[in-house]
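If you want the building blocks of each chain, they are given just below.
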Amino acid sequence: MIASKTLRTIATSAIATTGRRPAFVAAASTMQLYLLPRHHPHPMQQRRGYHENIVEHYENPRNVGSLDKNSEDVGTGLVGAPACGDVMKLQIRVDSDGKILESKFKTFGCGSAIASSSVATEWVKGKHVDEVLGIKNTDIAAHLKLPPVKLHCSMLAEDAIRAAVSDWKAKHEKKKTAGGEILGVGEGEKMTA
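Just so you know, these numbers come straight off a predicted model, no measurement behind them.

Scoring rules and cut-offs
Residues numbered from 1 in each chain as written. Predicted model: local features only at pLDDT ≥ 70, side-chain atom pairs only at ≥ 80, totals over all residues. Heavy atoms only, no water. Helix = DSSP H or I, 4+ residues; strand = E, 2+ residues; numbered from the N terminus. Buried < 20%, exposed > 50% of the residue type's maximum accessible area, 1.4 Å probe, protein only. Areas by Shrake-Rupley, 256 points an atom, 1.4 Å probe, with all protein chains shown as cover. Arc of directions from axis to C-beta. Contact = heavy atoms within 4.5 Å. pLDDT = per-residue confidence, 0-100. Axes fitted to C-alpha atoms, helices over the stretch in contact; angles between N-to-C directions. Parallel < 35°, antiparallel > 145°, perpendicular 65-115°, else oblique. Pairing = 2+ DSSP bridges. Polar contact = N/O pair within 3.5 Å; in protein donor to acceptor, adjacent residues only side chain to side chain. Expected span 1.5 Å × (residues − 1).

1. Examining the overall build of the protein chain
Moving on, step 1. The number of helices and strands found in the protein chain is six helices and five strands.
Moving on, step 2. The order of α-helices and β-strands along the protein chain, N terminus first, is α-β-β-α-β-β-β-α-α-α-α.
Moving on, step 3. Put simply, the protein chain has 193 residues, and 33% of those count as buried.
Moving on, step 4. Roughly 11,900 Å² of accessible area belongs to the protein chain as shown, and the carbon and sulfur atoms make up 56% of that amount.

The following block contains the structure:
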């Protein structure tokens, strides 16, 4: 049997030479401990599957928060993916010319969903509402270098953008209708009931 002090010495030297933590396995029949190489990387090396763009937007997400959903100049998109449980809320504040002044998001989901939301809010700011409808999930996925199993996260971001624009347009049309800007009513004239 190997003494525990010896095990620590072996483990320390294994980490120093291989950079990996050793796995200790006890054989049930002899109760002896054997040192086996661990096939999993050290916890500090766990980023192996995610590109630095995903990690950056996950660790430092941009535009987290929410806007007043009842405000007439705010469009809210709330979308979810039942298969994975991700839920994404993306909001945009739009000026009277249709230019997006501000965007916020809240996402319940994995790191890829959070990163996709963060990128989406960055990309829509300063653009016209019709222009942001051209942002595709493939663009977001390519920028973040999402693995194939996480492509649904970029699809959620695209859907959230579309839903937020659609919500804003519906509010905008309602506002125009309430303000008398209906076809057939001249400028400066108010519609009377």
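There is more to say after this.
2. Observations concerning helix 5 (residues 137–144)
Moving on, step 1. Restricting attention to buried positions, one finds in helix 5 the residues N137, I140, A141 and L144. Seen from one end, helix 5 has its buried residues packed into an arc of 95 degrees, which puts them on one side.
Moving on, step 2. Those residues of helix 5 that are buried lie in contact with helix 2 (52–59), helix 3 (111–124) and helix 6 (151–178).
Moving on, step 3. K145 lies just past helix 5 and shows a positive phi near 60 degrees.

3. Describing the confidence of the model for the protein chain
Moving on, step 1. Chain-level statistics for the protein chain give a pLDDT mean of 77 and a share of 67% at 70 or above.
Moving on, step 2. In this model residues 21–47 is a low-confidence stretch, pLDDT under 50, and it forms 39 contacts with partners more than four residues away in sequence or in other chains.
Moving on, step 3. Considering only residues more than four positions removed or in separate chains, one finds that residues 182–187, a stretch of pLDDT under 50, has three contacts.

4. Some remarks on the packing of helix 2 against helix 3
Moving on, step 1. Where helix 2 meets helix 3, the closest approach of the two axes is 8 Å, and the angle between their N-to-C directions is 80 degrees. One element, helix 2, and the other, helix 3, form an angle in the roughly perpendicular class. Each of I54, H57 and Y58 in helix 2 lies in contact with helix 3, whose residues at this interface are G111, S112, I114, A115, S118 and V119.

5. Topic: the pairing of strand 4 (residues 86–94)
Moving on, step 1. As paired elements, strand 3 (residues 74–81) and strand 4 share eight bridges and run antiparallel to each other. Considered in strand 4, the bridge of V74 is made with R93.
Moving on, step 2. Joining the antiparallel neighbours strand 3 and strand 4 is a turn of four residues, in which G85 adopts a positive phi near 90 degrees.

6. Looking at the side chain of N63
Moving on, step 1. One can find N63 in the loop between helix 2 and strand 3.
Moving on, step 2. By relative accessible area, which is 16% here, N63 ends up buried.
Moving on, step 3. Engagement of the side chain of N63 in a polar contact is seen with the side chain of T121, the distance being 2.9 Å.
Moving on, step 4. What N63 contacts, discounting residues up to four positions off in sequence, is S103, K104, F105, T121, E122 and K125.

7. Section: the side chain of S103
Moving on, step 1. Its location among the elements puts S103 in strand 5 (residues 100–108).
Moving on, step 2. Setting aside residues up to four positions removed in sequence, S103 forms contacts with N63, Q91, I92, T121, V124 and K125.

8. Digging into the pairing of strand 5
Moving on, step 1. Bridge analysis of strand 4 against strand 5 gives eight bridges, and the strand direction is antiparallel. What sits directly across from I92, in strand 5, is S103.
Moving on, step 2. Between the antiparallel neighbours strand 4 and strand 5 lie five residues, among them G98 with a positive phi of about 90 degrees.

9. Some words on helix 3
Moving on, step 1. Across its 14 residues, helix 3 extends 20 Å between first and last C-alpha, which sits within 8% of the 20 Å expected from 1.5 Å per residue.
Moving on, step 2. For helix 3, a buried count of eleven out of 14 residues is recorded, marking the element as mostly surrounded by other parts of the structure.
Moving on, step 3. Burial in helix 3 covers these residues: S112, A113, I114, A115, S116, S117, S118, V119, A120, T121 and V124.
Moving on, step 4. Turning to helix 3, the residues buried within the fold contact helix 2, strand 4, strand 5, helix 4 (129–132), helix 5 and helix 6.
Moving on, step 5. Downstream of helix 3 by one or two residues, G126 has phi in the positive range, about 85 degrees.

10. Section: the sheet that holds strand 3
Moving on, step 1. Across the sheet, three strands lie side by side as 3-4-5; this open sheet has antiparallel pairing. This sheet does not close on itself; its edge strands, each paired only once, are strand 3 and strand 5. Shown here is a sheet whose adjacent strand axes are inclined to one another by a mean of 15 degrees, direction ignored.
Moving on, step 2. Packed onto the sheet, helix 3 meets strand 4 and strand 5 and runs at close to 175 degrees relative to strand 5.
Moving on, step 3. Of the strands in this sheet, strand 3 and strand 4 are in contact with helix 6, which crosses strand 3 at around 145 degrees.

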